[in-house]
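# Observations on the model geometry
So the chains spell out like this:
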2 protein chains.
Amino acid sequence: MADGIAVVSPVCPAPLLTVDRVQLGHGSGGKMSAALLRECFLPHLGNPVLARLADGAVVATGAGELAISTDTFVVSPLEFPGGDIGALAVHGTLNDVAMMGARPLCLTAGFVLEEGLPIERLERIVRSMGASARAAGVPVVTGDTKVVERGKADGLYINTTGIGLLDGDFRPGPERARSGDAVLVSGPLGRHGIAIMAVREGIAFESPVESDTACLVPLVEALRTAVGPEVRVLRDPTRGGLASALNEIAAASRVGIELDEGATPVPAEVAGACEMLGLDPLYVANEGVLVAIVPAGRASSALEALRAHPLGAAAAVAGRVVAAHPGLVVLRTRLGGSRVVDLLPGDQLPRIC
Amino acid sequence: MADGIAVVSPVCPAPLLTVDRVQLGHGSGGKMSAALLRECFLPHLGNPVLARLADGAVVATGAGELAISTDTFVVSPLEFPGGDIGALAVHGTLNDVAMMGARPLCLTAGFVLEEGLPIERLERIVRSMGASARAAGVPVVTGDTKVVERGKADGLYINTTGIGLLDGDFRPGPERARSGDAVLVSGPLGRHGIAIMAVREGIAFESPVESDTACLVPLVEALRTAVGPEVRVLRDPTRGGLASALNEIAAASRVGIELDEGATPVPAEVAGACEMLGLDPLYVANEGVLVAIVPAGRASSALEALRAHPLGAAAAVAGRVVAAHPGLVVLRTRLGGSRVVDLLPGDQLPRIC
């Protein structure tokens, strides 16, 4: 798989890199990120594996194939309702490995600590990280700690790299969606982003929204058992939300995607918060939701498998893959209209993960 | 190898974690780092692999053994004579994988960018990273980019994680030194740390000192061919310098180490700079030097193999492993005296890598 993969731009068209300094939007996962990646990173680091631009890499070792993913977490605040940077750093990377169809084997952890960080706080976060890793059954096998002066970080940043084993022909990939496929969403959207924004903006809800941060490996295993290699695409819609994830899939597979507003699970409290904050829930980050694209004929098996697990209790068929408008995601609204759900240029919510 | 490894403390005795906030010294690789690791990280993330406290982990996959190492680079300044953070991030992690006796297979890269970083500078660093990876023949297969606000980083930080394949019985490890072994050093000491300090302190030397940042894989391959599984220990003496590396080996192997001052290769310009700056060259970081411990009878073969490569042209037998004073490193001075070369409590040179 590592050889002969064509370079697939996740965004088409995308702006050129027209600024001369890094801006917050370059970290958004949107068009600015794509431009930075394409113009500043790929020309120098490029190789067929990296150029695939997925959330991870498949590397053949001669004795099997490894799935590898790396992610640095810079979420602010460090602790939030439903989780913290430690749990997020474990779940986020395990989920990326799982979305490639691999079974996670181990994690590494690299910490950048800011001078002055209370050690009690650090320990609380490391404890949460350990608990998340143990719950997932995946050990943190090696780590590194650096300390920088006050004002050179924001408490702490954590990089985690995950390594998994690919096995057999269960190989979901963003380029595999086909016209006629069903688009499934495993759970309620927008909870992570709204939980973070509520803390950051000091907003109190009647029923507080908690981050959905969770390990999605059990849902992937359920789909592997129920549907097997016919699972075409798996994706966790984190930074940039469902809209960005579907745009990347539409571009990589050169298909259109239609989303039904009425079938897309947005909890009332998330919808309310989004209205108050001027956000579109389709772009808000999730950390415990997956998108699965399967042939229409396997949609009910997939749905049943997802719903059998607590994390997937609210799973729904939210849309379909179409041959029309390749590269575009279109939302069919409750009122019968439709609108294009484009990739955002920059950041709706910075430092969400 | 992953199972049943006893927890070996690299420092004995080491201070308890007596402060309540993170200090720069916690990132030093010295006693404070060890205390933080032992008291804040290991109780929560602990498992037999992590507890081994080496610079990387060996993970059995059923289809072979992987060597994995992760490192976050926070060096200041980002560019310095002889290198930059990009080259360092490639060499540092490849070297850690190589020191485990593995052949590096691939790298991941995670970037934290500070808002306002000139894109031209970023591109120069990424280009250097790509050139270093290509020169080593090891691809960067996946990456991640995050952006934080101005004043929440220092230009950029880079995490690299390296994965290598272990093959056969070439398994150097810090616990394998035995009384009677020879301690070899592959090249001149202290150049990286002094190059960084010179820029930081605005010191101009008559002959400028350049960082020695380099990929040590060819030296390891030379030793693998010439000496094979009898290579007991390999270590690149980075943060904390030769003194810290030898202390960790002495503790892990429960042996003493004697170093001959006259045989330890410290270039005149490094010695001069150290005198001016009040530093001990034995504690100054190297990024292109390795320590190899081999049975005395194999020392000349090892030396010949190292010297055959330009990076090892100045290789020397710098000392020996002894049964006396287990856990201690002792320097035999040129004047015939001796002094204990202890692990430093905190940092001599912060943010050197």
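Worth saying up front: this structure is predicted, and the values here are computed from it rather than measured. (Residues numbered from 1 in each chain as written. Chains lettered and ligands numbered in written order. Predicted model: local features only at pLDDT ≥ 70, side-chain atom pairs only at ≥ 80, totals over all residues. Heavy atoms only, no water.)

### A closer look at the side chain of Glu287(B)
Condition: Helix numbering and strand numbering both begin at the N terminus, where a helix is a DSSP run of H or I of at least 4 residues and a strand a DSSP run of E of at least 2. With a 1.4 Å probe rolled over the protein chains alone, any residue whose accessible area is under 20% of its type maximum counts as buried; one over 50% counts as exposed, and the rest are partly exposed. Neither His nor the chain ends is counted toward charge; the positive residues are Lys and Arg and the negative residues Asp and Glu. In what follows, salt bridge is the name for a side-chain nitrogen of Lys or Arg lying within 4 Å of a carboxyl oxygen of Asp or Glu. In what follows, a contact means two residues having at least one pair of non-hydrogen atoms within 4.5 Å.
Among the structural elements, Glu287(B) can be located in the loop between helix H8 (268-277) and strand E11 (291-294). At 7.8 Å, Lys146(A) is the nearest oppositely charged side chain to Glu287(B), a buried residue that forms no salt bridge. The contacts of Glu287(B), once residues within four sequence positions are left out, are Leu88(B), Gly92(B), Asn95(B), His192(B), Asp212(B), Thr213(B), Ala214(B), Thr238(B) and Cys353(B).

### Brief notes about the pattern of salt bridges
Residues and elements named next belong to chain B. Considering all chains together, one arrives at 44 salt bridges over all chains under this definition. Across the salt bridge formed by Asp181 and Arg232, the nearest N and O atoms sit 2.9 Å from each other. Taken together, the residues span a long stretch of sequence, with Asp181 in the loop between strand E7 (156-165) and strand E8 (182-185) and Arg232 in the loop between helix H6 (217-226) and strand E9 (233-235) at a distance of 51 residues. For the salt bridge of Glu258 with Arg332, the shortest nitrogen-to-oxygen distance reads 2.7 Å. Here Glu258, found in strand E10 (residues 256-260), pairs with Arg332, found in strand E13 (residues 329-332); they are 74 residues apart in sequence, far enough to count as distant.

### Quick notes on helix H1 (residues 31-45) of chain A
Residues and elements named next belong to chain A. Cut-off, in case you're wondering: Residue count minus one, scaled by 1.5 Å, sets the expected span of a helix. Fitting one axis to the seven residues ending at a residue and another to the seven starting there, the bend at that residue is the angle between the two axes.
Between its first and last C-alpha, H1 extends 20 Å over 15 residues, near the 21 Å set by a 1.5 Å rise per residue. At Arg38, H1 shows its maximal kink, close to 35 degrees. Taking burial as the measure, the 15 residues of H1 include 11 buried ones, the bulk of the element. For H1, the complete set of buried residues consists of Lys31, Met32, Ser33, Ala34, Ala35, Leu36, Cys40, Phe41, Leu42, His44 and Leu45.

### Concerning the pairing of strand E12 (residues 316-322) of chain A
Residues and elements named next belong to chain A. Where we set the bar: Strands are treated as partners if at least two bridges between them are detected by DSSP.
The buried count for E12 comes to five of seven residues, which makes it a mostly enclosed element. Bridging between strand E10 (residues 256-260) and E12 involves four bridges; their strand directions are antiparallel. Among the inter-strand pairings, Ile257 is bridged to a residue of E12, identified as Val321.

### Concerning the sheet that holds strand E7 (residues 156-166) of chain A
Residues and elements named next belong to chain A. Note the threshold: Comment: axis = line fitted to C-alpha atoms, over the contacting stretch for helices; angle = value between 0 and 180 degrees taken between N-to-C directions.
Strand order in this open sheet of five strands is E1-E2-E7-E5-E6, and the pairing throughout is mixed. Two strands bound the open sheet, and with one partner strand each, they are strand E1 (57-60) and strand E6 (140-148). Put simply, the sheet's adjacent strands are angled 20 degrees from each other on average, direction ignored. Both strand E2 (residues 65-73) and E7 contribute to a ladder of nine bridges, which runs antiparallel. Bridging from a neighbouring strand, Leu66 pairs with Leu165 of E7. The strands touched by helix H3 (residues 85-99) within the sheet are E2, strand E5 (103-114) and E7, with E7 carrying the most contacts at an inclination of about 30 degrees.

### Quick notes on the relation of the copies chain A and chain B
How we decide: In this comparison the copies share one frame, found by least squares on the C-alpha atoms of residues holding pLDDT of at least 70 in both.
Overlaying chain A with chain B gives an RMSD of 0.0 Å, the required rotation being 180 degrees about an axis along which the chain moves by 0.0 Å. When the rotation and shift are considered jointly, the pair of chain copies conforms to a two-fold rotation axis. When the interface residues of chain A are mapped onto chain B, 100% of them are again interface residues, pointing to one common binding face.

### Considerations on the environment of Arg332(B)
All names here are of chain B. Note the threshold: Residues adjacent in sequence count toward polar contacts only when both atoms are side-chain atoms; beyond that, a polar contact is any pair of N or O atoms within 3.5 Å, and within protein one must be able to donate a hydrogen and the other to accept it.
For Arg332, a relative accessible area of 32% translates into the label partly exposed. For Arg332 and Val58, which are 274 residues apart along the polypeptide, the C-alpha to C-alpha distance reads 35 Å. The contacts of Arg332, once residues within four sequence positions are left out, are Glu258, Leu259, Asp260, Glu261, Gly337 and Ser338. Among the polar contacts made by the side chain of Arg332, one reaches the side chain of Glu258 at a distance of 2.7 Å.

### Comments concerning the sheet that holds E12(A)
Residues and elements named next belong to chain A. A sheet is described by the order of its strands in space; here seven strands give the open sequence E9-E11-E8-E12-E10-E13-E14, paired in mixed fashion. For this open sheet the edge positions go to strand E9 (233-235) and strand E14 (338-340), each flanked by a neighbour on one side alone. Between one strand axis and the next, the sheet turns through 25 degrees on average, direction left out of account. With four bridges connecting them, strand E8 (residues 182-185) and strand E11 (residues 291-294) associate as antiparallel partners. Counterpart to Val185 in the pairing with E11 is Val291. Packing of helix H7 (residues 241-253) onto the sheet brings it into contact with E8, E9, E10, E11 and strand E13 (329-332), and relative to E10 it is tilted by some 150 degrees.

### Section: the packing of aromatic side chains
Stated formally: Two rings belonging to Phe, Tyr or Trp (six-membered ring only in the last case) form a pair when the distance between their centres is within 6.5 Å. Interplanar angles under 30 degrees mark stacking, angles over 60 mark edge-to-face geometry, and anything in between is tilted. Throughout this description, the term charge over a ring refers to an Arg CZ or Lys NZ atom that lies within 6 Å of the ring centre and within 35 degrees of the ring normal.
According to the stated counting rule, one finds two aromatic pairs over all chains in the structure shown. Centroid distance Phe41(A) to Phe111(B): 4.7 Å. Interplanar angle 70 degrees. Geometry classified as edge-to-face. You can see Phe41(A) sitting in helix H1 and its partner Phe111(B) sitting in strand E5 (residues 103-114), one on each of two chains. Comparing Phe41(A) with Phe111(B) shows no difference in burial state: the two are buried. Positioned over the ring face of Phe73(A) is Lys146(B), at 5.3 Å from the centre of the ring.

### Side note on the confidence of the model for chain A
Residue and element names in this part refer to chain A. Formally: Think of pLDDT as the predictor's per-residue confidence, scored from 0 to 100.
Chain-level statistics for chain A give a pLDDT mean of 91 and a share of 93% at 70 or above. Every residue in residues 1-14 scores below 50 in pLDDT, and together they form 27 contacts with partners more than four places removed in sequence or on other chains. Across the interface, the model reports ipTM at 0.92; the global pTM reads 0.92.

### As for the interface of chain A and chain B
Our working rule: Throughout, the accessible surface (probe 1.4 Å) given up by two parts as they are put together, summed over both, is called the buried area. Ten residue types, Ala, Val, Leu, Ile, Met, Phe, Trp, Tyr, Cys and Pro, are classed as nonpolar, four, Asp, Glu, Lys and Arg, as charged, and the remainder, Gly among them, as polar.
Contacts between chain A and chain B engage 76 residues on the former and 76 residues on the latter. Both sides of the chain A and chain B interface together cover about 6500 Å² of buried area, and 66% of this is carbon and sulfur. When the buried area of chain A at its contact with chain B is split by residue, Val22(A), His44(A) and Ile119(A) rank highest and sum to 11% of it. Applying the counting rule to chain A against chain B returns eight salt bridges. The partner of Lys152(B) in a salt bridge is Asp154(A), with the nearest N and O atoms 3.8 Å apart. Where chain A touches chain B, the interface holds 25 residue pairs in polar contact (both at pLDDT 80 or more). Mapped by element, the contributors of at least two residues to the side of chain A that touches chain B are H1, helix H2 (48-51), E1, E2, E5, helix H4 (119-136), E6 and E7 of chain A. Of the residues that constitute the side of chain A that touches chain B, the class distribution is 39 nonpolar, 20 polar and 17 charged.

### Quick word on the packing of H6(B) against helix H9 (residues 299-307) of chain B
For any two helices packed against each other, one specifies the inter-axial angle together with the distance between the axes. Residue and element names in this part refer to chain B. Here is the rule: When the near helix sits turned anticlockwise from the far one by under a right angle, the crossing is termed left-handed; a clockwise turn instead gives a right-handed crossing.
Interaxial distance between H6 and H9 falls to 9 Å at its minimum, and their mutual angle equals 145 degrees. When you trace H6 past H9, the crossing you get is right-handed. Where H6 approaches H9, its residues Leu219, Ala222, Leu223 and Ala226 are matched on the opposing element by Ser301, Ala302, Ala305 and Leu306. Of the residues belonging to the contact of H6 with H9, the class tally is seven nonpolar, one polar and no charged.

### Remarks on the environment of Val341(B)
All names here are of chain B. In this structure, Val341 sits in the segment after strand E14 (338-340). Residue Val341 is classed as buried on the basis of its relative accessible area of 1%. On a C-alpha basis, the gap between Val341 and Leu331 in space is 6.5 Å, while along the polypeptide they are 10 residues apart. When residues no more than four places from it in sequence are discounted, the contact partners of Val341 are Ala243, Asn247, Leu282, Tyr283, Val329 and Leu331.

### So, the side chain of Thr142(A)
Within the element layout of this structure, Thr142(A) appears in strand E6. Assessed through its relative accessible area of 2%, Thr142(A) is described here as buried. The residues touching Thr142(A), leaving out its near neighbours within four places in the chain, are Leu107(A), Thr108(A), Ala109(A), Leu50(B), Asp55(B), Gly56(B), Ala57(B), Ile68(B), Ser69(B) and Thr70(B).

### Quick look at helix H6 (residues 217-226) of chain A
Residue and element names in this part refer to chain A. Cut-off, in case you're wondering: Think of the arc as the fan of directions from the helix axis to the C-beta atoms.
Within the span of H6, buried status applies to Val217, Leu219, Val220, Leu223 and Arg224. For H6, the arc enclosing every buried residue in end-on projection is 160 degrees, short of the 170-degree limit, so these residues lie on one face. At its buried positions, H6 is contacted by H3, E5, E9, E11 and helix H9 (299-307). One or two positions beyond H6, positive phi appears at Gly228, with a value near 65 degrees.

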